[in-house]
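Here is what each chain is made of, one letter per residue.
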Amino acid sequence: MVLQIDLSAIKANWTALAAKAPSARTGAVVKADAYGLDALRVAPALYEAGARDFFVALAAEGQAIRPHLPGDARILVLSGHMAGAPLAGLIPVLNSAEQFFRDRAMRPGQPFAVQLDTGMNRLGLEPAEWAGIRTEALAANGGEGPVLVMSHLACADEDSPENARQLTAFREMTQGVTAPRSLSATGGILLGPNYQFDLTRPGVGLYGGMPFAEARPVVRLSLPVIQTRVVRTGEFVGYGASWRAERVSRVATVAAGYADGLHRALSRGGARLWAGDRPCPVIGRVSMDLITCDVTDLTDVPDALDILNERQGVDALAGAAGTIGYEVLTSLGRRYPRSYI
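All values derive from a computational prediction rather than experimental measurement.

Conventions used here
Residues numbered from 1 in each chain as written. Predicted model: local features only at pLDDT ≥ 70, side-chain atom pairs only at ≥ 80, totals over all residues. Heavy atoms only, no water. Axes fitted to C-alpha atoms, helices over the stretch in contact; angles between N-to-C directions. Helix = DSSP H or I, 4+ residues; strand = E, 2+ residues; numbered from the N terminus. Parallel < 35°, antiparallel > 145°, perpendicular 65-115°, else oblique. Left-handed = near helix turned anticlockwise from the far one by under 90°. Contact = heavy atoms within 4.5 Å. Nonpolar A, V, L, I, M, F, W, Y, C, P; charged D, E, K, R; others polar. Pairing = 2+ DSSP bridges. Buried < 20%, exposed > 50% of the residue type's maximum accessible area, 1.4 Å probe, protein only. Polar contact = N/O pair within 3.5 Å; in protein donor to acceptor, adjacent residues only side chain to side chain. Core = buried A, V, L, I, M, F, W, Y, C linked by side-chain atoms within 4.5 Å. Phe/Tyr/Trp six-rings, centres within 6.5 Å; stacked < 30°, edge-to-face > 60°. Lys NZ or Arg CZ within 6 Å of the ring centre and 35° of its normal.

Participant: Teacher, can you tell me more about the packing of helix α5 (residues 97–106) against helix α6 (residues 127–139) here?
Facilitator: Geometrically, a packed helix pair is captured by the angle between its two axes and the distance between the axes. One way to put it is that α5 packs onto α6 with a least axis distance of 10 Å and a crossing angle of 25 degrees. Judged by the angle between their axes, α5 and α6 are roughly parallel. For α5 against α6, the interelement crossing comes out left-handed. On the side of α5, the interface is formed by A97, F100 and F101, while α6 contributes E129, I133, E136 and A137. In the contact of α5 with α6, the residues fall into five nonpolar, no polar and two charged.

Participant: Just checking my understanding: could you explain the pairing of strand β11 (residues 219–231) for this structure?
Facilitator: It is a general feature of regular strands that their side chains alternate between the two faces of the sheet. Both strand β1 (residues 2–5) and β11 contribute to a ladder of four bridges, which runs antiparallel. Residue pairing across strands places I5 opposite V219, the latter belonging to β11. Summarising the sheet, β11 and strand β18 (residues 304–308) pair through four bridges and their orientation is antiparallel. Residue pairing for β18: P224 is matched across the bridge by A304.

Participant: Would you mind showing me how to read helix α3 (residues 39–49) here?
Facilitator: The periodicity of an α-helix, 3.6 residues per turn, causes residues three or four positions apart to be oriented the same way. Among all positions of α3, only A39, V42, A43, A45, L46 and Y47 are buried. Taken together, the buried residues of α3 touch α1 (7–19), β3 (28–29), α2 (31–36), β4 (53–56) and α4 (59–65). Two or three places before L40, at the start of α3, stands the capping residue D38, its side-chain oxygen 3.0 Å from that residue's backbone nitrogen. Within two residues after α3, G50 carries a phi angle of roughly 130 degrees, on the positive side.

Participant: Can you walk me through the packing of α1 against α3 in this structure?
Facilitator: Across the interface, α1 lies against α3 with an axial gap of 9 Å and an inter-helix angle of 45 degrees. Classified by the angle between their axes, α1 and α3 sit oblique to one another. When you trace α1 past α3, the crossing you get is right-handed. Mapping the contact onto sequence places L7, I10, K11 and W14 in α1 and R41, V42, A45, L46, E48 and A49 in α3. Its residues assigned to classes, the contact of α1 with α3 comprises seven nonpolar, no polar and three charged.

Participant: Any chance you could explain the nonpolar core here in plain terms?
Facilitator: Note on soluble globular proteins: their nonpolar side chains tend to be buried together. By size, the foremost hydrophobic cluster in this structure holds 81 residues, and its most contacted members are L46, F54 and Y207. Of all hydrophobic cores here, the second largest spans 22 residues; its members include F100, I133, L167 and Y195.

Participant: Even after reading the chapter, I still don't get the sheet that holds strand β8 (residues 149–150), so can you show me in this structure?
Facilitator: Two strands in a sheet stick together by hydrogen bonds in their backbones, pointing the same way (parallel) or opposite ways (antiparallel). A sheet is described by the order of its strands in space; here seven strands give the open sequence β3-β4-β5-β6-β7-β8-β9, paired in parallel fashion. Where the open sheet ends on each side, the last strands, each with one partner, are β3 and β9 (181–182). Examined bridge by bridge, β3 and β4 share two bridges and lie parallel to one another. The residue bridging A28 from the neighbouring strand is F54, located in β4.

Participant: For this particular structure, what's the right way to read the side chain of T174?
Facilitator: Position of T174 relative to the elements: it lies in the loop between α7 (161–173) and β9. For T174, the side chain forms a polar contact with the main-chain oxygen of F170, separated by 2.7 Å.

Participant: It is not clear to me how unusual backbone geometry should be interpreted in this structure. Could you clarify?
Facilitator: What is expected of a backbone is that most residues other than glycine have negative phi and most peptide bonds are trans. In the segment running from M210 into P211, the intervening peptide bond is cis, with an omega of 15 degrees. Tracing the backbone through its elements, the reader meets P211 in the loop between β10 (199–200) and β11. A positive phi angle, close to 50 degrees, is found at A32, a residue other than glycine. In this structure A32 comes out as partly exposed when scored by relative accessible area, which is 35%. Positive phi outside glycine occurs at N141, with the angle close to 55 degrees. Mapped onto the secondary structure, N141 falls in the loop between α6 and β8.

Participant: I would appreciate a short explanation of the packing of aromatic side chains in the present structure.
Facilitator: For any pair of aromatic rings, geometry is given as the distance between the ring centres together with the angle between the planes. Throughout the structure, instances matching the rule amount to five aromatic pairs. Between Y35 and Y326, the ring centres sit 6.2 Å apart and the planes meet at 35 degrees, which makes this aromatic pair tilted. Taken together, the residues span a long stretch of sequence, with Y35 in helix α2 and Y326 in helix α10 (residues 325–331) at a distance of 291 residues. Here F100 and F112 contribute two aromatic rings whose centre-to-centre distance is 6.0 Å and whose plane-to-plane angle is 65 degrees, an arrangement assigned as edge-to-face. Placement of the pair is F100 in helix α5 and F112 in the loop between α5 and β7 (113–115), with a sequence separation of 12 residues. With respect to burial, F100 and F112 carry one shared label: buried. These aromatic residues form a ring-pair network of at least three members: Y35, Y207 and Y326. Between R41 and the ring centre of Y340, over which it is positioned, the NZ or CZ distance is 4.2 Å. Residue placement shows R52 over the ring face of Y47; its charged tip is 3.6 Å from the ring centre.

Set out below in structure tokens:
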């Protein structure tokens, strides 16, 4: 098993997304261990590409990458100032009045950011709550105020009227604010200049995922073939006898399963393993450590088959499992040896 991660592709994707928002500063989202690809390797590569603003979900994630980035890199914590969070060297993105007053009491003079809720109803200050602390927040730190005021789009990867509604709400809530503003992750960048403001926050597009269709593939996952066998017509393969051979078939069993983040839902059909440019349908049920596929049409069965490559990316595999590329990336198990190029 080898999970190959192309750091040069991640850097190229960052550069391409930055070029789509030339008037904005381009950050990078490296939460969830850089979407499962190892933030300790990915964040420095993105810094080399030009990123200086890094977004994590939790303070512990920020502390993990802080020693691996130069001092001019800013690390913003999207969960804000949680009680007991280790925020030294980090910038909390404050999501409520409670967080604002906690942060100002415990970290006077330290940099902070603010998140506004423009309709997603998940994180951020609602309009009335923002109105209640706005003057104090903008005057904090000797009038410097927050280093960033941001919000998040709920439907940026869709043609939805909610995008325009959230854009209008964000403009109204930030009217007169001189701090840098940020509304867009990958999908928002692709919506165009009206959504890009001063700072963008690409995430999944860096790692080869939709909606950034132009992204270079980042991951290749090769799975070793443990065994092949001939299955006669009418015989079954795997748990539940859910697949039966309609012809004499050759079946390969590879070493990976749902314990490695390859979802059991891939059993429902549509997923492929690849021998070069030849697809091999996944058959039977994906189990904890094993996947079976039909290799009847191969002349020779290689020592390993790919489940992620340039022919079947994270979104294609996600579609076969009925999920999204984000979940595929962040579920990739720690049993895979990782190889970086």
